[in-house]
Amino acid sequence: MAYPLAQRILIVGAGELGTSMLEGLVQRSKHQPSPVSPPSITVLLRASTINSVDSNKVQANAYLHSLGASLAAGDIVQDTEEHLASIFQNYDTIIVCSGFGFPSGTQLRVTRAVLHAGVKRYFPWQWGIDYDIVGAGSAQDLFDEQLEVRKLLRAQDSVDWVVVSTGLFVSFIFVPEFGPVDLKARTLRALGSWDTRLSVTTPRDIGRVAAEIIYEPREIHRQVVFVAGDTVSYENVANLMTRRFGGQWTRELWDMQTLEQRLKANSDDGMVKYQNVFGAGKGVAWDMAATVNKQRGMEMQTVEGYLREMKDLD
């Protein structure tokens, strides 16, 4: 199955991932080997965002326009499935880049709307871990919805779909509430064990690889694929941090017993739920040889490369 470059693409959301997706699509379209019509790319935003007079939002919208994107109004949290389907039916490819922190049920509703609209191809909000391996009933209950989305997609054959598993955003390692690196406290932690691994990718690289798949799918259809800028253990991360920044660092091991106790004491804390999933180490890491980027010879930013670009610590 081939997809022309001149397709109608809708990116849902323009946060860090959505903007990187647009950049990746635009850059990839400039490197086609033969003259073709450029894609038509639209970004779906809330009407309040499109019409905002806030200087930051005005600037962000102007940047999207500068890349050649049109803006369309829609709200995947508030709009009905029927209304979303009426929007989606105007496009060939739907790429959902918005969903972190959204209410339960949002991604199922979006997926049902996509299927109802009968679009050609769908990239759902699954830019994360391998939910099939994590399985139902994990510490992070929101992941069960992601499994339900996969069930919907696998139960039909009218809409092509691709799930791109990217692991964590590299920057998430440095969120103090998550744990592995607390820059301010100069503390390095392992979740589960120091040997436990996780795969990570920058949003920019996610956009680059997704654009490659969108414009040149080859054999990638109706399946889960894997992407990673790096796959590292917590010990790797700690050693890279020490080498890059020097000085004294405290190292702490939060083993599974510790993580489970934290979850018992903070059962509604989403970040503690994430800690338990990543500490368990199931479905959160994959070998680089299995990634689309490695198989296609794409250079990606590693954790070490990311650290080189960070400012020195005070």
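Above this note sits the structure.
Attention here is on the structure that accompanies the text. (Residues numbered from 1 in each chain as written. Predicted model: local features only at pLDDT ≥ 70, side-chain atom pairs only at ≥ 80, totals over all residues. Heavy atoms only, no water.)

**Describing the nonpolar core**
Considering soluble globular proteins, one finds that nonpolar side chains tend to be buried as a cluster. Counting residues in each nonpolar core, the largest one holds 60 residues, and the members touching the most others are I11, M21, L25, F88, I94, I95 and W127. Filtering out sequence-adjacent residues up to four positions away, I94 remains in contact with L10, V12, F88, V114, V119, R121, Y122 and F123. Residues L168, L240, V277 and L307 belong to the second largest nonpolar core, which totals 35 residues. (Core = buried A, V, L, I, M, F, W, Y, C linked by side-chain atoms within 4.5 Å. Buried < 20%, exposed > 50% of the residue type's maximum accessible area, 1.4 Å probe, protein only. Contact = heavy atoms within 4.5 Å.)

**Points about the packing of aromatic side chains**
Under the defined criterion, the tally for this structure stands at nine aromatic pairs. Three or more aromatic residues link up through ring pairs in this structure, and these residues are F100, Y131, F143, F172, F178, Y274 and F278. Against the face of W249 rests R186, its NZ or CZ located 4.4 Å from the ring centre. Over the ring of W254 we find R262; its NZ or CZ atom is 4.3 Å from the centre of that ring. (Phe/Tyr/Trp six-rings, centres within 6.5 Å; stacked < 30°, edge-to-face > 60°. Lys NZ or Arg CZ within 6 Å of the ring centre and 35° of its normal.)

**As for the pattern of salt bridges**
Within this structure, the stated rule accounts for 16 salt bridges. The partner of R8 in a salt bridge is D92, and the shortest N-O contact between them spans 3.0 Å. Remark: D92 occurs in the loop between α4 (81–88) and β4 (93–96) and R8 occurs in strand β1 (residues 8–12); sequence separation between them is 84 residues. Given a relative accessible area of 38%, R8 falls into the partly exposed group. (Salt bridge = Lys/Arg side-chain N within 4 Å of Asp/Glu carboxyl O. Helix = DSSP H or I, 4+ residues; strand = E, 2+ residues; numbered from the N terminus.)

**Remarks on the pairing of strand β9 (residues 187–192)**
Of all six residues in β9, six are buried, a share of seventy percent or more. Looking at chain direction, strand β8 (residues 181–182) and β9 are connected through two bridges and run antiparallel. Bridging across to β9, D182 finds its partner in T187. If you look at the hairpin formed by β8 and β9, you'll find four residues sitting between the two strands, and R186 has a positive phi there, around 50°. Pairing of β9 with strand β13 (residues 250–255) involves six bridges; the strand directions are parallel. Considered in β13, the bridge of T187 is made with T250. (Pairing = 2+ DSSP bridges.)

**What to know about unusual backbone geometry**
Phi is positive for R186, which is not a glycine, with a value near 50°. Here R186 is to be found in the loop between β8 and β9. We note that R222 has phi near 50°; this positive angle belongs to a residue other than glycine. By secondary structure assignment, the location of R222 is in the loop between α8 (203–215) and β11 (223–226). On the basis of relative accessible area, R222 is assigned to the partly exposed category, the value being 33%.

**Describing helix α5 (residues 106–117)**
With 12 residues, α5 ought to run about 16 Å at 1.5 Å a step, and its terminal C-alpha atoms sit 17 Å apart, in line with that. Here α5 has its buried residues at T106, Q107, L108, R109, V110, T111, A113, V114 and A117. Of the residues flanking the end of α5, it is G118, one or two places downstream, whose phi is positive at about 70°. (Expected span 1.5 Å × (residues − 1).)

**Focus on the sheet that holds β13**
Taken in spatial order, the three strands line up as β8-β9-β13 in an open sheet, and their pairing is mixed. Lying at the two open borders of the sheet, with one neighbouring strand each, are β8 and β13. Relative to the sheet, helix α9 (residues 234–245) contacts β8, β9 and β13, its axis offset from that of β9 by approximately 170°. (Axes fitted to C-alpha atoms, helices over the stretch in contact; angles between N-to-C directions.)

**Observations concerning the sheet that holds strand β7 (residues 168–169)**
Backbone hydrogen bonds are what pair the strands of a sheet, in a parallel or an antiparallel way. Spatially, the three strands line up as an open sheet ordered β7-β10-β12, and their pairing is mixed. Pairing within the sheet leaves two strands with one partner each, and these edge strands are β7 and β12 (230–233). Two strands pair when backbone bridges link them, and β7 and strand β10 (residues 197–201) are joined in this way by two bridges, in the parallel orientation. In the strand pairing of β10, F169 is matched with T201.

**Comments concerning the environment of Q27**
The topology assignment puts Q27 in helix α1 (residues 16–29). By relative accessible area, Q27 is classed as partly exposed at 42%. For the pair Q27 and R46, spaced 19 residues apart in the sequence, the C-alpha separation amounts to 26 Å.

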